[in-house]
Amino acid sequence: MKSKTDKIALFDSAASERSYWRRKNHYYYESLERLYRFLVPRGKNVLELGCGTGELLAALEPSQGLGVDFSARMLEIAQENVSQPDIQFIEADAESFVPPQAYDYVLLSDLLGESSDVWTLFQNIRGYCEPRTRVVASYFNPVWEPVLRFGERFGLKMAQDHQNWLAEDDVRNLFELCGFEVVKSGRRLLLPRHIPLISRLVNAVIANLPLVNRLCLINYTVARPLSIRHTADPLNGILPSVSVIIRCRNERGNIRNSIG
């Protein structure tokens, strides 16, 4: 995985190509927007970490929205693309950023795979969540790693840095260790390309079948903060008694991070 400085440079250089890849893979991005509109009611206060060029945040029509990204070039394009006066953008690192107010929803769309330190990211988010806050994370299913790498190699998707390939149980464990309760989780999008009639049949029907559902591209998790009396310092009593392995494999299949 690249250093934080190198990752910022990579995203800055890729920003001008973002609209091209969104058009090329429009079915994936439209499906992601439908998922978030299902999970996040219109008219809420929404914070999106790793907002990129801002299309997802704008699609949710928040009463007040804040997009955060560490790529200045991405945010320049976001400000050009998004005209809603109630949506603002700030250049900052999601792993250390503290918003000026609490939000109803905190969004992590495809951010967990790109984060340099997922543990720090979750702990930082927990620090500014209120009881009403819901954190919504979507991330790639690890079984799709070879398919997505193939797509990058042959120009079917935008190239990315080495990813944290987190399984659904890994994300649940991270939330729970950092003082959250998972209230909803699921999987979507078995066929991420648009084929008339076939894509609708596959994603609306076949993708919901038992076992087959585990092969969907998008995993999502919704969590809420536990009250103070239900949480504990994760470094004082929890970690020694719980064995948790976070499988953040790089493309060679090595375990990158472990806890426990």
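Shown above is the structure to which this text applies.
Here we summarise the structure given alongside this text. Note that the structure is predicted; figures quoted are calculated from it, not measured. (Residues numbered from 1 in each chain as written. Predicted model: local features only at pLDDT ≥ 70, side-chain atom pairs only at ≥ 80, totals over all residues. Heavy atoms only, no water.)

Taking burial as the measure, the five residues of strand β4 (residues 105-109) include five buried ones, the bulk of the element. Burial along β4 is two-sided: Y105, L107 and S109 and V106 and L108, pointing in opposite directions, are all buried. By the bridge criterion, three bridges tie strand β1 (residues 45-49) to β4 in an arrangement that is parallel. When the bridges of β4 are listed, E48 appears paired with L107. As judged from the five bridges shared by β4 and strand β5 (residues 134-140), these two strands associate in the parallel manner. If you follow S109 over to β5, its bridge partner there is S138. For the handedness criterion, the β-α-β arrangement of β4, helix α6 (residues 118-128) and β5 is classed as right-handed. (Buried < 20%, exposed > 50% of the residue type's maximum accessible area, 1.4 Å probe, protein only. Helix = DSSP H or I, 4+ residues; strand = E, 2+ residues; numbered from the N terminus. Pairing = 2+ DSSP bridges. Right-handed = clockwise from strand over helix to strand, strands pointing away.)

Turning to the sheet that holds β4, a few remarks are in order. The seven strands are arranged β3-β2-β1-β4-β5-β7-β6 in an open sheet whose pairing can be described as mixed. The open sheet has two edge strands, β3 (87-91) and β6 (180-188), and neither has a second partner. With strand direction ignored, the average angle separating the axes of adjacent strands in the sheet is 15 degrees. Here helix α8 (residues 168-177) sits on the sheet in contact with β5, β6 and β7 (218-225), set at roughly 160 degrees to β6. (Axes fitted to C-alpha atoms, helices over the stretch in contact; angles between N-to-C directions. Contact = heavy atoms within 4.5 Å.)

Turning next to the environment of A78. Considering the arrangement of structural elements, one finds A78 in helix α5 (residues 72-81). It is 4.1 Å that separates the C-alpha atoms of A78 and T53, two residues lying 25 residues apart in sequence. Sequence-distant contacts of A78, defined by excluding residues within four places in its chain, comprise G52, T53, G54 and F89.

Bringing unusual backbone geometry into the picture now. Despite not being glycine, E61 shows a phi value in the positive range, around 50 degrees. One can find E61 in the loop between α4 (55-59) and β2 (64-69). Despite not being glycine, L197 has its phi angle at roughly 70 degrees, a positive value. When you line up the elements, L197 lands in the loop between β6 and α9 (198-204).

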